[in-house]
Amino acid sequence: MGARSNKTFKVKPKLSKAAAAKKFKKKANPLKGVEYIDYKDIALLRRFISDRGKIRSSRITGVTVQQQRQISAAIKNAREMGLLPYSSSAR
Amino acid sequence: MRRYELMVILDPELEERTVAPSLETYLKIIKESGGKVDKLDIWGKRRMTFEMKKKSEGIYAVIDMHCEPAAIKELDRQLNLNEAVLRTKVVRPE
């Protein structure tokens, strides 16, 4: 009797897991129509940094791995030229 | 010949109308070596996100050009010798 009820319990979480996986939706790529990520395009790069000036992870922004590399390189170039902050804890 | 893009940050205390002629004199290095300057874009004064050489502002200029690698290297070297140049950056856009 006890073993049986255990089995039914095991099935339930499996179902909810599948539901959770279905719920996880891929984000729309925010870089549609941008083929070269320019370090001078601050308005675009601002979307990929947090309030504190940190680079947002691709998990949050939903860009591809290749794009994330280009973005981070561009942000670092922009930082070197004083266009973006290294950190802005004052805010 | 390769395409290069050079960004220069100049001292904000410079007269803004002297910036273009003085940059032109530097760009002779490119022209004399057989390269060509496609565009000289002076952004003007801009607030920087942090201080460089105790200055919170800078005059930004962006230059697009085609030239040999040696010529841009020499141009970058000579710009950095100038005290009024806060920072430079050379990139090769895709």
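Everything discussed here concerns the structure shown above.
Bear in mind the structure is a predicted one, so any value in this text is a computation, not a measurement.

Chemist: Explain the environment of Lys76(A) to me, please; I cannot follow it from the model alone.
Modeler: Along the chain, the position of Lys76(A) falls in helix H4 (residues 65-80). Lys76(A) sits in the partly exposed class, given a relative accessible area of 46%.

Chemist: I keep staring at the pairing of strand E1 (residues 2-10) of chain B and nothing clicks. Help me out?
Modeler: Each regular strand displays side chains that alternate between the two surfaces of the sheet. Residue and element names in this part refer to chain B. Taking burial as the measure, the 9 residues of E1 include 7 buried ones, the bulk of the element. Of the strand pairs in this sheet, E1 and strand E3 (residues 55-67) are connected by 9 bridges, and their pairing is antiparallel. Along E3, the bridge assignment pairs tyrosine 4 with methionine 65. Of the strand pairs in this sheet, E1 and strand E4 (residues 85-91) are connected by 6 bridges, and their pairing is antiparallel. From the neighbouring strand, isoleucine 9 faces E4, where its bridge partner is arginine 87.

Chemist: Hey, could you run me through the interface of chain A and chain B in this one?
Modeler: The partner chain B presents 18 residues to the 14 residues of chain A that form the contact. Approximately 1,300 Å² of surface area, both sides summed, lies buried where chain A meets chain B, with 64% of it carried by carbon and sulfur atoms. For the interface between chain A and chain B, the tally reads 2 salt bridges. Among the ionic pairs, Lys40(A) bridges to Glu5(B), the shortest N-O distance being 2.8 Å. Remark: the boundary between chain A and chain B carries 7 residue pairs in polar contact (both at pLDDT 80 or more). Among the elements that line the side of chain A that touches chain B, the one with the most residues is H4(A), at 3 residues.

Chemist: Sorry, what's going on with the packing of aromatic side chains here?
Modeler: Each aromatic ring pair is characterised by the separation of its centres together with the angle its planes make. With the rule as written, the count across this model stands at 2 aromatic pairs over all chains. Aromatic pair Tyr86(A) and Phe50(B): ring centres 5.4 Å apart, planes at 50°, arrangement tilted. Taken together, the positions of Tyr86(A) in the segment after H4 and Phe50(B) in strand E2 (residues 36-52) put the pair across two chains. Here the aromatic rings of Trp43(B) and Tyr60(B) are separated by 5.7 Å at their centres, their planes lie at 10°, and the arrangement is stacked. In this pair, Trp43(B) is assigned in strand E2 and Tyr60(B) in strand E3, connecting sequence segments 17 residues apart. Since its relative accessible area comes to 30%, Trp43(B) is described here as partly exposed. Exposure remark for Tyr60(B): the relative accessible area of 0% places this residue in the buried category. Its end group placed over the ring of Tyr60(B), Arg46(B) keeps NZ or CZ at 5.9 Å from the ring centre.

Chemist: Can you help me understand the pattern of salt bridges in this one?
Modeler: Should their charged atoms come close, side chains of opposite charge can pair. Residue and element names in this part refer to chain B. What the rule picks out here adds up to 8 salt bridges over all chains. Glutamate 15 is the salt-bridge partner of arginine 17, the closest N and O atoms lying 3.8 Å from each other. Glutamate 74 is the partner of arginine 77 in a salt bridge, and the nearest nitrogen-oxygen pair spans 3.2 Å. Highlighted residues: arginine 77 and glutamate 74, both in helix H2 (residues 69-81), separated by 3 residues, approximately one helical turn. When its relative accessible area of 45% is taken as the criterion, arginine 77 is described as partly exposed.

Conventions and cut-offs
Residues numbered from 1 in each chain as written. Chains lettered and ligands numbered in written order. Predicted model: local features only at pLDDT ≥ 70, side-chain atom pairs only at ≥ 80, totals over all residues. Heavy atoms only, no water. Helix = DSSP H or I, 4+ residues; strand = E, 2+ residues; numbered from the N terminus. Buried < 20%, exposed > 50% of the residue type's maximum accessible area, 1.4 Å probe, protein only. Pairing = 2+ DSSP bridges. Contact = heavy atoms within 4.5 Å. Buried area = accessible area lost by both parts, 1.4 Å probe. Salt bridge = Lys/Arg side-chain N within 4 Å of Asp/Glu carboxyl O. Polar contact = N/O pair within 3.5 Å; in protein donor to acceptor, adjacent residues only side chain to side chain. Phe/Tyr/Trp six-rings, centres within 6.5 Å; stacked < 30°, edge-to-face > 60°. Lys NZ or Arg CZ within 6 Å of the ring centre and 35° of its normal.

Any functional reading would require information that these geometric values do not contain.
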